[in-house]
Amino acid sequence: MNENRKMPLKIDYRKELNNHQLEAVKYFDSPLLVLAGAGSGKTRVITYKIAYMIEKLGYYPHSILAVTFTNKASDEMAERINNLFGENLNLWIKTFHSSAAKILRIFGKDLGIDPNFTIIDQNDQKLLIKNILKEANIDTDKYPPERYVYLINRAKDRLLNVDEAFKEGLTNDRVFYDVYASYQKRLVKENLLDFADLIFRLVRGLKNNSGVLIELKNRFNYILVDEFQDTNYAQYELIKLLALPEGNISVVGDDDQSIYGFRGARVENVINFTKDFKACKIIKLEENYRSYQTILSASSHLINKNKGRLGKTLFTNKGEGYKITFHVAPTDYYEADFIASEIMKLMSAYGYGYSDFAIFFRTNAQSRIFESVFSNHRIPYTVVGGFKFYEREEIKDIISYIKLALNPSDEVSLMRIYNKPPRGIGEKSLNEIIKHTIASNGSLYRGVDDINIPVSRKKMVKHFIDMIKNIGEIAKTLSPPELLRYVYRVTGYLNWLEETGKNDKIQNLEELYNAVEEFSISSPDGTIQNFIEEISLDSGARNEDFEKGTVYLITLHNAKGLEFPVVFMAGMEDGLFPHFLAEEDNDIQEERRLCYVGMTRAMERLYLSAAETRKIYGRVIQHKTSRFIEELPENLILFTRGDYGYNGGLFSLDTSKYMKMGSFGSTNYRSGSNRDVKSNNNQNTLKDIDISEGDRVVHKNFGSGEVIEKLGEIITIKFDDGKRMKFMLKYTPLTKEKP
DNA sequence: CCAATAAGTGTTTTT
DNA sequence: CACTTATTGG
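Computed from a predicted model, the values in this text were never measured in an experiment.

Caption draft 1: Region of the structure containing the protein's contact with DNA strand B. Around DNA strand B sit 29 residues, and of these Phe69, Arg362, Asn364, Gly424 and Tyr617 come closest. Within 4 Å of the protein, the contacting atoms of DNA strand B are drawn from sugar and phosphate to the extent of 58%. Partitioning the surface near DNA strand B into residue classes produces 10 nonpolar, 14 polar and 5 charged.

Caption draft 2: Main features of helix α12 (residues 233-243). Of all 11 residues in α12, 10 are buried, a share of seventy percent or more. If you check which residues of α12 are buried, you get Ala234, Gln235, Tyr236, Glu237, Leu238, Ile239, Lys240, Leu241, Leu242 and Ala243. Taking the backbone nitrogen of alanine 234 as reference, a side-chain oxygen 3.1 Å away marks asparagine 232 as the first, capping residue of α12.

Caption draft 3: Region of interest: the sheet that holds strand β2 (residues 64-68). Reading across the sheet, the 6 strands line up as β3-β2-β6-β7-β1-β8 and stay open at both edges, with parallel pairing between neighbours. Both edges of this open sheet fall to β3 (92-95) and β8 (281-285), since each of them pairs with a single strand only. With direction set aside, neighbouring strand axes in the sheet form an average angle of 15°. Two elements, strand β1 (residues 32-36) and β8, share 5 bridges in a ladder whose sense is parallel. Bridging across to β8, leucine 33 finds its partner in isoleucine 282. Across the sheet, α12 touches β2, β6 (222-225) and β7 (249-253), and the angle it forms with β6 is around 160°.

Caption draft 4: Examining the packing of aromatic side chains more closely. Tallied over the full model, the rule gives 34 aromatic pairs. Between phenylalanine 273 and phenylalanine 277, the aromatic rings sit 4.4 Å apart at their centres with planes inclined by 25°, giving stacked as the arrangement. Considering the side-chain rings of tyrosine 390 and phenylalanine 531, the 6.3 Å spacing of their centres and the 80° angle between planes classify their relative orientation as edge-to-face. One end of the pair, tyrosine 390, is in the loop between β11 (381-383) and α17 (393-406); the other, phenylalanine 531, is in helix α24 (residues 528-536), and 141 residues separate them in sequence. Aromatic ring contacts, followed pair by pair, group Tyr13, Phe28, Tyr48, Tyr52, Tyr59 and Tyr222 into a single cluster. The ring of tyrosine 150 has arginine 154 lying over it, and the distance from NZ or CZ to the ring centre is 4.9 Å. Here the basic side chain of arginine 485 rests over the ring of tyrosine 513, its NZ or CZ set 4.0 Å away from the ring centre.

Caption draft 5: Inspection of the nonpolar core at higher detail. The biggest cluster of nonpolar side chains holds 113 residues, and the ones touching the most others in it are Phe176, Leu198, Leu206, Phe273, Leu414, Phe464 and Leu512. Beyond its immediate sequence surroundings of up to four residues, phenylalanine 464 is in contact with Tyr401, Leu404, Leu414, Ile417, Tyr418, Arg423 and Ile425. Val328, Val384, Phe564 and Leu594 belong to the second-largest nonpolar core, a separate cluster that totals 41 residues.

Caption draft 6: Here's a closer look at the confidence of the model for chain A. Per-residue pLDDT for chain A has a mean of 85; in total, 87% of the residues score no lower than 70. Between the elements of chain A, mean pLDDT differs from a low of 27, seen in helix α27 (residues 656-659), to a high of 97, seen in strand β13 (residues 564-569). Of the regions scoring below 50 in pLDDT, residues 645-688 engages in 96 contacts with residues more than four places distant in sequence or in other chains.

Rules used throughout
Residues numbered from 1 in each chain as written. Chains lettered and ligands numbered in written order. Predicted model: local features only at pLDDT ≥ 70, side-chain atom pairs only at ≥ 80, totals over all residues. Heavy atoms only, no water. Near = heavy atom within 4 Å. Nonpolar A, V, L, I, M, F, W, Y, C, P; charged D, E, K, R; others polar. Buried < 20%, exposed > 50% of the residue type's maximum accessible area, 1.4 Å probe, protein only. Helix = DSSP H or I, 4+ residues; strand = E, 2+ residues; numbered from the N terminus. Polar contact = N/O pair within 3.5 Å; in protein donor to acceptor, adjacent residues only side chain to side chain. Pairing = 2+ DSSP bridges. Axes fitted to C-alpha atoms, helices over the stretch in contact; angles between N-to-C directions. Contact = heavy atoms within 4.5 Å. Phe/Tyr/Trp six-rings, centres within 6.5 Å; stacked < 30°, edge-to-face > 60°. Lys NZ or Arg CZ within 6 Å of the ring centre and 35° of its normal. Core = buried A, V, L, I, M, F, W, Y, C linked by side-chain atoms within 4.5 Å. pLDDT = per-residue confidence, 0-100.

What follows is the structure, given as structure tokens:
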């Protein structure tokens, strides 16, 4: 069947795969569920299975649908297969969202969706909902837009429209159903689809139009799903629509690595799969090719605390390896400092390079301290998947101009750019424009003269609308890079940046131009719409984000699917990890899985670390050691502690740099909970005494002085010999001077 | 309408 | 701390 392929292949599957992997690759008798432990070669199974289908079974590449969760994963998979074949096959390896988008672009008409829809992200959702709430005079303090964004997305993940969500009792908040209703009405009218809509509207459309479904089923003869444990209800329904009743499907997943519950992922899908797909075959992959046994033992021990697991036991023949280090530092600054010096030590002792190291953390905000400490130590780093280029203000603005020109109903884009640069159109005019053009009859271009605004504003508004119209016209004739240049100029945006001296923004626009140019070279037929779609569905980490010769800073979520010789997991503190918002047992279990994911990324060495005090939102707070540390087998852990200038209750001098970073406030991170630092020495016997500015005090080691400043827990004492020092009240042996 | 400044505030993870 | 919103004066 593959007579068109030039080079006959000879892949030695038996040599490249172990017995279980080989069985999974060759199994086609019924639906297949591969339970693949961390590092057990699941990507390998999928890629070789696809290769096997094409090479041995004669499948056309385009008749295989492979779905992943991240663009990085799909890139990699496609690349590996193309490498095996030595040519660029026409493979459908895409994320759920981009597959859905592509199907909707092709079959939208038949499913009641204008195929020129615009995709909006979570930020845009929030803007739109804010606007809706404001119009309805709903107090955004009492009814926060973020909450509605979250609820709407969860409803759509479960395929629930407004009425169904109400019947299900998704929330007791009655306002939600009104918000959801008007939000969705606006999206439909303005031809906007949010991320969840891509799946939601596709699945609902397919259920109503069996013709399209049949066409899709004819096209896709086999389906593979990666990271199956992260599918939500709607995605699972989509898979069922496409793969039932035939059952030509393999899914690969690991219930222990389900970490996206907050966006609707359901581990239950793994169980349900064995029921919904009759005669489903289960193959477990338990041999780990990544880590030393110590790392596997420790992480297995941890994940064992979770309930309702399908249960796997990972093993390796790589040997025992090294103990895991757990380090406690006095502050987050010293934690980063410890990691920096450990990196340098390991490099000189064992010849590691910078890119052998990765630092994982629970929250994006934690990367800052590493960035600053690593800069000081001259350690090159990259923040992977952090602040995203395409989310920068100036990039979104320029893209919004183009989006609005292509879809003049797009109120979200309008909102973003109507006054950028300032052109005499204010909020009031904006609202009138939205009310009288977009929201009422569906296009910015209609009813310009009827807009209810003062005569003095009409000229400016008309000029603005004409400009957008003009961009829309000219977009048909210009190449994407040319169009971009045109927009920079005709909107006055570039001029505005130049006049106000925003040089880095100008540079970012240059970079955007380069990206569009590259896009035009690599896909000569690509339109600007294609480019925009690519970037709106591609916000995550890509391969090119992993700059060689640098240390990687990554959130735990973004670390899934990756591996590094040396891994540092920072911030192992209750309140941070597990995060304090994870309260219910289910949430804690997901945090535990996240910890498991993090640990199992390490190939050779694993470090865990915590800080006794940490600055969060400008305040110093204290945490207990993470419960996950206590859940590890003690005999596999090497406990270390950083002393620094920390003796005698002194918390100054050496940390002066840290202290300068901002003022200190209350230590009470969350009232009502006991969050005492684990540190046992140095407790001030008099910590509850009431010391205020101006008091005379006696320090056990330094003698008498006067308190000249008190900022929350931090006091500055001017001693009688003239020296000034800062202390943390809690750890300082102080008494009030007896009169 | 707009720019500059003051005040306030929320604390996760992302296709 | 970093970001958003409110206020002020031009």
